[in-house]
Amino acid sequence: MKKIIMVLMLMAPMATFAQKFGHVDAQAIMQAMPEFIKARGDLEAQGKEYENDLKAMQDELQRKSEEYDKTKSTMNATKQQETEASLQQMYMKIQQTSQDYQNQLGKMQQEKIAPIMNKITTAIQNVGKNGGYVYIMDASMGIPYISQTLSKDVTADVKAEIQKIK
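Everything numeric in this text was worked out from a predicted model, so none of it was measured. (Residues numbered from 1 in each chain as written. Predicted model: local features only at pLDDT ≥ 70, side-chain atom pairs only at ≥ 80, totals over all residues. Heavy atoms only, no water.)

If you trace the backbone, K55 turns up in helix α3 (residues 34-71). A residue is classified by how much of its surface remains accessible, and K55, at 46% relative accessible area, is partly exposed. Counting along the chain gives 39 residues from K55 to I94, while the straight-line C-alpha distance between them is 9.4 Å. (Helix = DSSP H or I, 4+ residues; strand = E, 2+ residues; numbered from the N terminus. Buried < 20%, exposed > 50% of the residue type's maximum accessible area, 1.4 Å probe, protein only.)

So, in C-alpha cells, the structure goes:
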C-alpha cells in the first residue's frame, strides 16, 4: 500500500507538467484585423464630424458674445438680460451637445468593437479546445511575466482561427 501511495505521489508532479498553458496578445490581433481598422476609421470620422459641429457652435457663441460686448453699453437693461440669457442658453446647449456626442461615440464604439472582441474570444476558445490547453492568458492585459518554456505563444494560432471564422 505504501508503494502505491509513493508511486502516486511521484506521478502527480508529472501530471502537472503535462498540462498545456498558452498566452496570446489579443490587442495586437485586434489591431491587425481589417474590421477593427475600418471600425477605428469610422469612429475617428464620426468624432471629427462631432468636433467640427462643436467648433461651429463655439465659434457662433464667441461671435455673439463679442457682438454683445461691443453693443452692451447701448442696450437697455431688459435687452441686456435677454441677450445674456440667450448666450447662457447657447453655452448650455454646447455643453449638452458635447455630452451627447461623447455618449453617442461611446455607444458606437461598443457596437463596432464588441463583435470584433467576440470573434477574438471565440478564436481563443477554439484554439484552447483544439490544442488541449488548460489556460490561455491574454498577455496584453498586463501580465508582468509569462514563462516562455511553460506557456506557448498562440497568437499566430488565434490569427489563423480568426481567418476560419470569417
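The discussion continues.
Quick look at the environment of A160 now. Note on placement: A160 falls in helix α5 (residues 155-165). Counting along the chain gives 33 residues from A160 to V127, while the straight-line C-alpha distance between them is 9.4 Å.

By secondary structure assignment, the location of E161 is in helix α5. Judged by relative accessible area, E161 falls into the buried class, the value being 10%.

With that settled, consider the confidence of the model for the protein. The predicted model of the protein has a mean per-residue pLDDT of 89, with 89% of residues at 70 or higher. Per-residue pLDDT, averaged within each element of the protein, yields its smallest value for helix α1 (residues 2-17) (49) and its largest for α3 (96). (pLDDT = per-residue confidence, 0-100.)

Judged by nonpolar contacts, the single largest core of 18 residues is most densely connected at I116, I120 and V158. Residue assignment for this core shows that the elements contributing at least two residues are α2 (26-32), α3, α4 (77-131), β2 (133-138) and α5. Take this core: its biggest share by element is six residues, from α4. Beyond its immediate sequence surroundings of up to four residues, V158 is in contact with V24, I29, I120, A123, I124 and V127. If you look at the next biggest cluster of nonpolar residues, it comprises nine residues, including L54, Y68, M75 and M90. (Core = buried A, V, L, I, M, F, W, Y, C linked by side-chain atoms within 4.5 Å. Contact = heavy atoms within 4.5 Å.)

Judged by pairing direction, the sheet is parallel, and its three strands sit side by side in the order β2-β1-β3 without closing on themselves. In the strand order of this sheet, the two ends are held by β2 and β3 (151-153), each with one partner. Between one strand axis and the next, the sheet turns through 30 degrees on average, direction left out of account. Here α4 sits on the sheet in contact with β1 (20-24) and β2, set at roughly 150 degrees to β2. (Pairing = 2+ DSSP bridges. Axes fitted to C-alpha atoms, helices over the stretch in contact; angles between N-to-C directions.)

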